[in-house]
Structure formats: C-alpha cells, structure tokens
Amino acid sequence: MSDNGRVSRPTGPGPRPRLPSPLTEVDDERFAGRGVRLLLKRDDLIHPDLIGNKWRKLARNLDAAAARGRAIVTFGGAYSNHLRATAAAGRLLGLPTIGVVRGQELADRPLNPSLSRCAADGMRLHFVDRSTYRRKTEPDVLAGLLDAAGAGDAYVVPEGGSNSLAVQGCTELGRELRGHADVVALACGTGGTLAGLAAGLSPGQRAVGVAVLKGGFLTDDVRALQEAAFGGPRGSWRVEDRFHFGGYARVPEELAAFAEDFETRHGVPVERLYVAKALYALVALAQEGAFPRGTTLAAVITGAPFEDAQPSTSR
C-alpha cells in the first residue's frame with residue numbers, strides 16, 4: 001500500500017458466502033404455548049470468517065473499495081465484530097485494512113483476542129482517544145483521523161458498517177424471508193441490517209429490531225439510513241429499546257444464563273453481545289402476548305460466538 005492508501009485491485013478469489021442462509025424451525029414451549037412458531041434464520045452460517053450479517057453489509061462496500069483500488073478504513077471498539085469481519089474480508093480479498101480503535105489507552109496494552117485476530121488478518125490498528133472518537137463523523141475530525149492513520153485516500157466504511165450500500169445489501173435478507181414469517185426480529189447496533197431487511201420484506205410482513213445499545217437513538221438512525229439508501233421509508237418496522245441490558249458489551253448473569261439455556265435446548269450457539277438479547281426479547285414479548293396466536297416468528301441469528309473476545313459476564 002502507498003502512503004495515501006491506494007492499492008491495486010485484488011485478483012485472487014474472493015469470499016464465497018452460503019446464500020441463502022438456512023432457515024430452520026425450533027420447538028420451544030415458550031412460543032408454542034402461545035400458539036407461535038419460531039424459525040431461526042441462520043446468518044451465522046453464511047461464512048466462517050465474515051461473521052453473520054457482516055457479509056451482507058460489507059459486500060457492496062468491498063466491491064466499491066476494490067473498484068477504486070483503495071484500502072479500507074473503518075472504526076470500532078475493542079470487541080468489535082465489525083472490525084474482525086472487515087479484517088477477514090481484507091485478507092480474503094487482498095485488500096489492506098485499517099482499523100481506527102476507540103481508546104488510546106489500549107495502544108500500550110497487549111491486544112485482546114478480538115484485536116489480535118484483526119492484526120493476524122493484516123489489519124493495521126490505529127488507536128484514538130475516546131473524546132476524538134465520539135466526533136469521528138465531523139468532517140474536520142474525520143480528515144484528521146484519516147491523516148493520522150496514514151489513510152487519507154482510503155475507502156471509509158462507518159462504524160458497524162451501516163451506510164447506504166450496506167442497507168441495499170441487506171435487502172436480500174428480507175427477500176429470502178418473503179413468505180416464511182409474519183414477524184422478523186434481529187439485534188441491532190447501528191441499524192443498517194434492520195433498514196435493509198424491512199425494505200426487502202413483502203407487504204404484510206414486519207420487522208422488529210432489538211437495540212443492543214441504550215440511548216433510544218436507533219429509530220431515527222434507521223429512518224436516516226433508509227432515506228440515504230432508498231430516498232424514503234421502506235417496509236414496516238419498529239425498534240424495541242427495552243432489552244439492551246445496560247448497553248453494548250453488557251452481559252449480566254441473567255442474559256448469560258438465558259443464552260446457555262437456549263444453546264442446551266436447541267443446539268444453536270448463541271452469540272452474547274447481540275443474538276442473546278434478540279432471543280431474550282422475543283421470549284419476553286411472547287410471554288407478554290405481543291404476538292397473536294398463529295404468528296410465525298423468524299429470529300435472524302446475526303453472528304456466531306467468538307468466546308475468547310467476549311467481555312466477562314457482568315452483574
């Protein structure tokens with residue numbers, strides 16, 4: 001890679017996703033007792049290295065970066081699934097990647113397993129202080145960050161991978177679920193997958209996004225993403241803000257126990273930071289009577305566990 005971040009377009013074979021991802025029904029009395037069917041949309045099986053829905057969000061951005069002959073620069077925290085997926089994609093495609101990591105203090109510490117995986121896949125890590133990181137979307141601050149990271153001409157993918165290209169890529173998830181479910185639910189961080197999913201569903205289907213961060217901002221963000229991607233709102237969707245368990249990377253004992261129980265019941269690995277919260281929310285909503293009898297639910301399993309990279313369980 002040159003100093004300005006430009007690269008030649010990769011010529012080797014790219015990642016080969018498993019699409020459409022499998023859709024399986026599970027027998028769970030917490031739903032069956034309410035007259036509700038539960039399907040699992042196994043996006044965690046799309047690709048062993050591009051974790052879950054990250055393939056759907058990254059694919060068009062990867063094409064755009066490769067077409068321009070640029071490295072990819074993106075952003076995330078110390079346990080970011082998005083950073084790991086981007087690093088893996090760069091390795092598979094031969095694209096240099098740069099990760100801007102929240103937390104300057106991490107620069108002087110040993111890399112955790114998540115960031116170690118990024119580095120092993122060839123991602124160059126650039127650590128920034130948390131105050132500057134919060135302002136990374138401001139044009140002047142972003143320009144300074146890219147310059148400091150030696151990525152002035154790199155292709156920028158936002159934190160979490162959610163931009164208009166990502167949203168457009170996620171419409172295929174909705175299309176794959178047409179005719180299979182009345183309600184489709186998934187965990188949401190930045191809202192890109194929900195924005196695209198809802199746009200791809202058929203009329204009469206609806207989507208529910210379970211926010212994994214607190215703050216109540218996600219509804220506005222999804223609206224803005226649909227505006228950028230499609231020029232206006234698409235599909236029927238809503239955000240459920242009650243099940244973040246204190247915020248991102250918070251895994252209290254109640255949630256960890258729920259995830260372990262779901263794994264035991266159904267033999268499906270449950271990723272703790274996103275997927276566990278979505279499944280917990282669906283069980284709680286079913287018990288509250290939120291879904292009429294005869295409803296078919298589809299839960300999107302958006303990621304696979306990477307246990308060594310998970311924060312320890314908190315109270």
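Everything here concerns the structure above.
So, a few notes on the structure that sits alongside this text. By convention here, each chain's residues receive numbers from 1 onward along its written sequence. For a predicted model such as this one, the threshold for reporting local features is a pLDDT of at least 70, and the threshold for listing and counting side-chain atom pairs is 80 or more; totals across whole chains, interfaces and linings nevertheless cover every residue. The basis for every side-chain value is the complete set of non-hydrogen atoms in the structure, without hydrogens or water.

## Considering the side chain of arginine 42
Comment: elements are numbered from the N terminus, with helices defined as DSSP H or I runs of at least four residues and strands as E runs of at least two. As for its position among the elements, arginine 42 is in the loop between strand E2 (37–41) and helix H2 (54–68). Using a relative accessible area of 13% as the deciding quantity, one classes arginine 42 as buried. The definition of a polar contact used here is a pair of N or O atoms within 3.5 Å, where within protein one atom must be able to donate a hydrogen and the other to accept one, and adjacent residues in sequence count solely through side-chain atom pairs. Only 2.8 Å separates the side chain of arginine 42 from the side chain of aspartate 44, close enough to count as a polar contact. In this description, contact between two residues means that some pair of their heavy atoms is separated by no more than 4.5 Å. Sequence-distant contacts of arginine 42, defined by excluding residues within four places in its chain, comprise Ser21, Pro22, Thr24, Val268, Pro269 and Ile301. Note on classification: 1.4 Å probe, protein chains only; a residue is buried when its accessible area is under 20% of the maximum for its type, exposed when over 50%, partly exposed between these limits.

## Some remarks on the packing of aromatic side chains
Pairing of aromatic rings covers Phe, Tyr and Trp, the last counted by its six-membered ring, and requires centre-to-centre distances within 6.5 Å; plane angles under 30 degrees mean stacked, over 60 mean edge-to-face, and any other angle means tilted. This structure, assessed with the given rule, holds five aromatic pairs. Residues phenylalanine 258 and phenylalanine 262 carry aromatic rings whose centres are separated by 6.3 Å and whose planes lie at 40° to one another, so their mutual orientation is tilted. In this pair, phenylalanine 258 and phenylalanine 262 are both assigned in helix H10 (residues 253–266), four residues apart and thus about one turn of the helix distant. Taken as a pair, phenylalanine 258 and phenylalanine 262 share a single burial class, namely buried. Of the aromatic side chains, those joined through ring pairs into one cluster are Phe243, Phe245, Phe258, Phe262 and Tyr280.

## Observations concerning the sheet that holds strand E7 (residues 183–188)
Two strands form a pair only when DSSP identifies at least two bridges running between them. Spatially, the six strands line up as an open sheet ordered E1-E2-E10-E7-E8-E9, and their pairing is mixed. Taken across any chain shown, the strands that pair with only one partner, and hence form the sheet edges, are strand E1 (23–26) and strand E9 (237–240). The mean inter-strand angle of the sheet, taken between neighbouring strand axes irrespective of direction, is 25°. As defined by bridge partners, strand E8 (residues 206–211) adjoins E9 across four bridges and the pair is classed as parallel. From the neighbouring strand, glycine 209 faces E9, where its bridge partner is valine 239. For helices, the axis comes from a line fit to the C-alpha atoms of the stretch in contact; other axes are also lines fit to C-alpha atoms, and the angle between any two N-to-C directions lies between 0 and 180 degrees. Sitting on the sheet, helix H9 (residues 218–230) is in contact with E7, E8 and E9, with an inclination near 150° to E9.

## Some thoughts on the sheet that holds strand E4 (residues 97–102)
An order of E5-E4-E3-E6 is seen for the four strands of this open sheet, with the pairing classed as parallel. Two strands close off the open sheet at either side, each with one partner strand: strand E5 (124–128) and strand E6 (155–156). Looking at chain direction, E4 and E5 are connected through five bridges and run parallel. From the neighbouring strand, glycine 99 faces E5, where its bridge partner is leucine 125.

## With respect to the pattern of salt bridges
A pair is scored as a salt bridge if a Lys or Arg side-chain nitrogen falls within 4 Å of a carboxyl oxygen belonging to Asp or Glu. According to the stated counting rule, one finds 23 salt bridges in the structure shown. Across the salt bridge formed by glutamate 240 and arginine 242, the nearest N and O atoms sit 2.8 Å from each other. Judged by relative accessible area, glutamate 240 falls into the buried class, the value being 7%. In this structure arginine 242 comes out as partly exposed when scored by relative accessible area, which is 48%. Overlapping salt bridges, with partners in common, bring together Asp28, Glu29, Arg30, Asp261 and Arg265 in one network.

## Quick look at H9
In this scheme, a helix's expected span is set at 1.5 Å multiplied by one less than its residue total. Here H9 contains 13 residues, and its C-alpha end-to-end distance of 18 Å stays within 8% of the 18 Å for a straight helix at 1.5 Å per residue. Three or more residues of H9 are buried, namely Leu218, Val222, Leu225, Gln226 and Ala229. For H9, the angular spread of the buried residues around the axis is 100°, confining them to a single face. Exposed side chains of H9 directed beyond 90 degrees from the buried face belong to Asp220, Arg223 and Ala228. The directions from the helix axis to the C-beta atoms are what the arc is built from.

Keep in mind these values describe shape, not function.
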